[in-house]
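So you can see what is in the structure, the chains are spelled out below.
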Amino acid sequence: METVAAPGKVALVLLALAMGGFAIGVTEFAAMSVLPDFAAGLGVDEPTAGHVISAYAAGVVVGAPILAVLGARLPRWLLLIGFMALFAVGNALSALAPTYEWMLAFRFLSGIPHGAYFGVAALVAASLVPLRLRTRAVSTILLGLTVATVIGVPIATAVSHSFGWRWTFAIVSVLAVVTMALVALFAPRDPAHADASPLRELGALKRGQVWLTLGVGAIGFGGMFAVYAYLASTLTAVTGVGPEVLPWVFAMFGLGMMSGNLLGAWAADRYGMKAAGGLLLWSAAALALYPFAAPHLWAMLIVVFLIGGGGGLGSILQTRLMDVAGDAQTLAAALNHSAFNTANAIGPLLGGMAVAAGWGWTSTGWVGVALSLGGFAVWVVAWLTGRKTGQSHA
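Labelled according to an unreviewed UniProt entry, the protein appears under the name MFS transporter, originating from Brevundimonas pondensis. According to the UniProt record, the Subcellular location (unreviewed entry) comment for the protein is "Cell membrane".

Structure (structure tokens):
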């Protein structure tokens with residue numbers, strides 16, 4: 001595939017798309033970092049408040065395939081603007097939620113366009129560069145998400161502590177509107193594919209390698225979320241630090257995720273699906289260190305960075321789906337984020353259950369190890385069956 005735009009034009013498009021990733025990253029990860037604040041504000045305990053995170057993830061899981069299929073005949077630039085408009089409305093309503101029950105509903109609504117946005121944005125990014133650079137182009141969009149964990153989430157956490165948690169979601173709504181403007185200005189106005197249709201997109205569901213790749217993400221990513229969702233509570237209750245330290249620890253996680261994203265993209269372009277297996281084992285090892293590091297701030301900073309590195313799995317699986325989905329590119333790309341947020345639902349749910357059962361805040365680390373190894377087991381099946389069909393490297 002030849003580059004279809006000048007480097008300057010490519011950079012502007014990727015910047016516009018990454019801004020959407022930044023907005024999504026802030027709302028997804030800041031919801032976890034400010035969990036103690038909105039739990040208190042809505043009058044529920046923290047394990048119960050964790051269901052708000054799962055509600056957002058459920059919105060992604062449900063919304064990604066539905067929007068991808070329904071939007072099959074529309075130009076991608078127009079889809080991106082529409083998805084961000086819905087995202088802006090959902091976060092604005094979250095900022096105004098009067099009760100816990102309404103917060104659950106509004107977070108579900110906010111999650112609906114998440115996966116479809118990333119899926120379509122990934123396809124736009126990949127279309128701009130040569131084949132050998134696809135994963136790095138896709139990772140640029142996810143880089144917006146990882147930058148959010150370094151800069152956006154710590155700022156959102158500080159804003160929540162100083163002015164109230166509702167401002168976190170209000171700021172995200174503004175970022176979504178900025179993304180809409182940037183996409184309208186810079187995204188290529190390519191028409192929809194002449195043969196595009198909902199039925200063709202649904203063809204992705206017939207492919208075994210698509211399901212296995214989604215399974216790797218749905219289970220394997222859960223380990224990182226099991227820990228991240230309750231990191232603020234663990235730092236307060238086990239490490240014994242005050243609120244002023246939390247943004248720095250979350251920034252360290254973000255730096256790890258950014259590093260993992262860049263390293264994962266390079267490894268995927270060089271080694272293909274092997275890179276996913278390596279990152280899953282990395283995650284399992286880092287998560288196993290978490291319970292031992294929790295009492296010590298210096299150790300937590302190191303281990304949280306290592307856990308964040310596992311976030312590089314996203315861009316690897318994104319381009320893997322492009323290779324195994326055939327003509328059903330939009331649905332497959334969007335489903336990657338359904339899988340990612342299935343993990344975002346499973347991880348906090350199982351982690352919260354472990355804490356509620358009396359096993360302590362650090363038990364989330366062992367939950368994470370089990371999920372990472374479960375994802376690796378699915379990866380092994382995908383690798384072995386892919387070798388038979390010639391898709392093990394792709």
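From this point on, the discussion continues.
All right, on to the environment of Ala125 then. By secondary structure assignment, the location of Ala125 is in helix H6 (residues 114–127). By relative accessible area, Ala125 is classed as buried at 0%. Each C-alpha atom of the pair Ala125 and Ala11 lies 9.9 Å from the other, and the pair is 114 residues apart in sequence. The contact partners of Ala125, leaving out residues within four places of it in the chain, are Leu14, Leu17, Ala137, Val138 and Ile141.

A complete count under the given rule lists 13 aromatic pairs for this structure. Ring geometry for Tyr228 versus Phe250: centroids 5.3 Å apart, planes at 75°, classification edge-to-face. Residue Tyr228 is found in helix H11 (residues 222–228), and its partner Phe250 is found in helix H13 (residues 246–271); the two are separated by 22 residues along the sequence. Taking the relative accessible area as the measure of exposure, Phe250 reaches 0% and is therefore buried. Ring centres of Tyr228 and Phe253 lie 4.4 Å apart, and the angle between their planes is 55°; on these two criteria the pair is classed as tilted.

Moving on to empty space enclosed by the protein. In the structure shown here, the tally under the stated rule is three cavities of 30 Å³ or more. By volume, the largest cavity amounts to about 90 Å³. As for the largest cavity, its lining consists of His114, Phe118, Leu142, Leu145, Thr146, Met257, Asn261, Gly311, Gly314, His337 and Phe340. For the lining of the largest cavity, the secondary-structure elements that each account for two or more residues are H6, helix H7 (134–163), H13 and helix H17 (329–359). Counting residues per element, the lining of the largest cavity draws most heavily on H7, at three residues. Taken together, the residues of the lining of the largest cavity break down into five nonpolar, six polar and no charged. Around the second largest cavity sit Gly220, Phe221, Met224, Leu279, Leu280, Ser283, Gly310, Gly311, Leu313 and Ser372, which together line it. Of the residues forming the lining of the second largest cavity, the biggest block, three residues, is contributed by helix H14 (residues 274–293). Of the residues in the lining of the second largest cavity, the class split is five nonpolar, five polar and no charged.

Scoring rules and cut-offs
Residues numbered from 1 in each chain as written. Predicted model: local features only at pLDDT ≥ 70, side-chain atom pairs only at ≥ 80, totals over all residues. Heavy atoms only, no water. UniProt positions renumbered as here; feature names shortened; annotations may be inferred. Helix = DSSP H or I, 4+ residues; strand = E, 2+ residues; numbered from the N terminus. Buried < 20%, exposed > 50% of the residue type's maximum accessible area, 1.4 Å probe, protein only. Contact = heavy atoms within 4.5 Å. Phe/Tyr/Trp six-rings, centres within 6.5 Å; stacked < 30°, edge-to-face > 60°. 1 Å grid on protein atoms, 1.4 Å probe; cavity = no way out; pocket = protein on both sides within 12 Å on 5 of 7 lines; lining within 4 Å. Points joined across faces, edges and corners; volume = space filled by probe spheres on them. Nonpolar A, V, L, I, M, F, W, Y, C, P; charged D, E, K, R; others polar.

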